[in-house]
Amino acid sequence: MSLSAGIIGLPNVGKSTFFNTITNLQVEAANYPFATIEPNVGVAKVNDERVTALSNLINPKKTTYANCTFVDIAGLVKGASKGEGMGNKFLGNIREVDVICHIIRCFENQDITHVLDKVDPIRDCEIVDLELIIADIEVLEKRIIKLVSKVRGGDKQAAIEQEICEKILTTLKLEKFPNLNSFSLKEQEIIKTFNLLTTKKTLYIANIGEKNIANNENDTHYQNFLKYINARGLNEKVIPISISLEYEISTIQEESERKEFLQELGLQRSALDTVIKSTYDLLNLQSFFTFGKDEVRAWTFVKGMKAQECAELIHSDIARGFIRAEIMDVNDLLEFKTEAAVKENGKLRVEGKEYLMRDGDVVYFRFNV
C-alpha cells in the first residue's frame, strides 16, 4: 500500500530543500519563484526502529522498510485558481496526492526573497487556502449542475449528493474549510469521491529559523501561526522544523554522528521522522511485519483492516488460500528473541481471516492454493 504526500506552499518557503532532505535526492532549490515547474517525485524510507530491531535479531538477507512517496509541487501564488503562476496544473497535481504537507515560512532571512516582501505566515496560509477554496467551489458548482437533472429524474442517490455538495459549498463561500466531523461517516465516504482539495488531510510544516528550533516558544511567527491554526477547530497539526538544519543533518552519513549532532541541539530525533509518522497518523495507517531469514519487512495497512485483507497486500494467492494467521506482538518477539521462545511463553496467537490487524503485529500467513 503506497502513500503519497504533496509538498505545497508559496514560492521560496523551503519546499524543494525539504524535498531534497526527506528523500535524499537533489532537485533545484533556487532563490526565485517557480524553480519547480514539473513536480519532483521521491520516495522516503519510514524510519521504524522496530524494523531495525527485528532485523538485528536474525540478520536477514534483506530488510525492507515501509516508504512514503513525496511530491514537490510548484509554488502557488495568489490567483492560481484563475491561471496565475502554474495555475490549474498546480491544483491538478495536488488532487492526485493522499495528504498535503503545506510548508509555511516562519523564518526571517534577507538573503532569501519572499514573494510578498514580508514574512507573514497567517497571510501566506490564507492565500494558499483561498486558492484551494476557489478551485473547489468551481468543482462543486459544476457537479451540482449535473446532479440537478438526475434529481429531477428521481435519482435518490443524486439528491443525497446534491445536499452534501450544497452544504460544503455554503461553507466554502464563507472562505472556510469544511469540517468533515459535521458529516456522518456515510456522507464522508461520499465526499471522498469528490476529491476536493479542501477536504484532503493536511499537515502544516512551520519552517522556523535554526536558532529557535530547540526553543520555539520564543518564535513569534511560529506561535502566532500555531494559535491561528488551533483556533480553526479542524484538528489540524502543525510541526515546527528548521528545514535548513534538517538538510544539514541529512548530509551526515554516520547514524551515530547524526544522533550526537541532534543531542547537541537538544533534539531527540529528526523532525522528518515526525513528519512521516504524522502523515501515517492522518490517514489512519499502521504497520505489520513479516519476519524471516530471507527478509524482514514492514507492510502498511489501514487501521481496521482484517487479516485476510492484509494478506492480500503481500500476494493475492495468500489471501485466496488463507488458512490462518500466526501472530506475535513485536515487543514480545524483541523481548524473547525467537519465535520458539515467544510460543513457549504463550505469546503466539492463531487468528482467523476476520481478525482485526494491530500495529506491531508480526505475522506468518498460512495458506493453501
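Residues numbered from 1 in each chain as written. Predicted model: local features only at pLDDT ≥ 70, side-chain atom pairs only at ≥ 80, totals over all residues. Heavy atoms only, no water.

Visitor: Looking at this structure, how should I read the overall build of the protein chain?
Guide: The helix and strand inventory of the protein chain stands at 14 helices and twelve strands. Its C-alpha atoms give the protein chain a radius of gyration of 23 Å, within 12% of the compact-globule value 21 Å for 369 residues. Oriented by its inertia axes, the alpha-carbon framework of the protein chain measures out at about 65 × 65 × 35 Å. Across the 369 residues that make up the protein chain, the buried fraction comes to 47%. Within the protein chain, residue pairs in contact and separated by at least 24 positions form 70% of the contacts whose partners lie at least 6 positions apart. Summed over all atoms, the accessible surface of the protein chain reaches about 19000 Å², with 47% contributed by carbon and sulfur. Here the protein chain contributes 46 positively and 54 negatively charged side chains, and the mean placements of these two sets differ by 6 Å. (Helix = DSSP H or I, 4+ residues; strand = E, 2+ residues; numbered from the N terminus. Rg over C-alpha atoms; globule rule 2.2 N^0.38 Å. Buried < 20%, exposed > 50% of the residue type's maximum accessible area, 1.4 Å probe, protein only. Contact = heavy atoms within 4.5 Å. Areas by Shrake-Rupley, 256 points an atom, 1.4 Å probe, with all protein chains shown as cover. Lys, Arg positive; Asp, Glu negative; His and termini not counted. Charge placed at Lys NZ, Arg CZ, Asp CG, Glu CD.)

Visitor: What exactly am I supposed to notice about the pairing of strand β4 (residues 67-72) here?
Guide: Across a regular strand the side chains alternate sides, sitting on one face of the sheet and then on the other. Among the six residues in β4, five count as buried, and that is most of the element. Direction of pairing for strand β2 (residues 40-45) relative to β4: antiparallel, over a ladder of six bridges. Bridging from a neighbouring strand, Gly42 pairs with Phe70 of β4. (Pairing = 2+ DSSP bridges.)

Visitor: What is the right way to look at empty space enclosed by the protein in this model?
Guide: Rolling a probe over the atoms, with the probe sized like a water molecule, indicates the empty space that remains. The final tally for this structure, using the stated rule, is one cavity of 30 Å³ or more. Of the volumes computed, that of the largest cavity is approximately 50 Å³. Lining the largest cavity we find Ile8, Ile100, His102, Asp129, Leu132, Phe177, Leu197, Thr198, Lys200, Thr202 and Tyr204. Listing elements by their share of the lining of the largest cavity, those giving two or more residues are β5 (99-105), α4 (121-152) and β6 (201-207). Residues of the lining of the largest cavity, tallied by class, amount to six nonpolar, three polar and two charged. (1 Å grid on protein atoms, 1.4 Å probe; cavity = no way out; pocket = protein on both sides within 12 Å on 5 of 7 lines; lining within 4 Å. Points joined across faces, edges and corners; volume = space filled by probe spheres on them. Nonpolar A, V, L, I, M, F, W, Y, C, P; charged D, E, K, R; others polar.)

Visitor: Would you mind going over the sheet that holds β4 with me for this structure?
Guide: Paired through backbone hydrogen bonds, the strands of a sheet run either parallel or antiparallel to each other. As summarised here, the arrangement of the six strands in space is β2-β4-β1-β5-β6-β7, forming an open sheet in which the pairing is mixed. Of all strands in the sheet, those with a lone pairing partner are β2 and β7 (237-241), marking the two edges. Across the sheet, the mean angle from the axis of one strand to that of its neighbour is 25 degrees, orientation sign disregarded. Pairing geometry for strand β1 (residues 4-8) and β4, over four bridges, is parallel. Note on β4: the bridge partner recorded for Ile7 is Asp72. (Axes fitted to C-alpha atoms, helices over the stretch in contact; angles between N-to-C directions.)

Visitor: Looking at this model, I keep getting lost on the pattern of salt bridges. Mind explaining?
Guide: Oppositely charged side chains can pair when the atoms bearing their charge come close. Evaluation of the coordinates by the stated rule reveals 19 salt bridges. In this structure, the salt-bridge partner of Lys142 is Glu138, at a minimum N-O distance of 3.2 Å. Here Glu138 and Lys142 lie together in helix α4, a separation of four residues that amounts to about one turn. A relative accessible area of 38% means that Glu138 is categorised as partly exposed. (Salt bridge = Lys/Arg side-chain N within 4 Å of Asp/Glu carboxyl O.)

Visitor: Where do I start with the environment of Val151 in this structure?
Guide: Residue placement: Val151 occurs in helix α4. For the pair Val151 and Val71, spaced 80 residues apart in sequence, the C-alpha separation works out to 39 Å. Not counting residues within four places of it along the chain, the set of residues in contact with Val151 comprises Ala158, Ala159 and Gln162.

Visitor: Sorry if this is basic, but what is going on with the nonpolar core here?
Guide: In terms of nonpolar packing, the biggest core is built from 85 residues, with Phe18, Phe70, Ile168 and Phe194 touching the most fellow members. Among the elements that take part in this core, α4 stands out by supplying ten residues, more than any other. Apart from residues no more than four positions distant in its own chain, Phe194 is found in contact with Leu140, Arg143, Glu161, Ile164, Cys165 and Ile168. (Core = buried A, V, L, I, M, F, W, Y, C linked by side-chain atoms within 4.5 Å.)

Visitor: Any chance you could explain α4 here in plain terms?
Guide: Side chains that are three or four residues apart share a direction in an α-helix, a result of its 3.6 residues per turn. The end-to-end C-alpha distance of α4, which contains 32 residues, comes to 46 Å, matching closely the 46 Å that a straight helix rising 1.5 Å per residue would cover. Positive phi shows up at Gly154, right after α4, with a value of about 90 degrees. (Expected span 1.5 Å × (residues − 1).)

Visitor: Explain the confidence of the model for the protein chain here, please?
Guide: For any part of a model where pLDDT is low, the fine detail of the predicted coordinates should not be relied upon. Of the residues in the protein chain, 91% have a pLDDT of 70 or more, and the chain-wide mean is 88. In this model residues 27-37 is a low-confidence stretch, pLDDT under 50, and it forms 33 contacts with partners more than four residues away in sequence or in other chains. Below a pLDDT of 50 lies the segment residues 83-87, which in the model reaches nine contacts outside its immediate sequence neighbourhood of four places, other chains included. (pLDDT = per-residue confidence, 0-100.)

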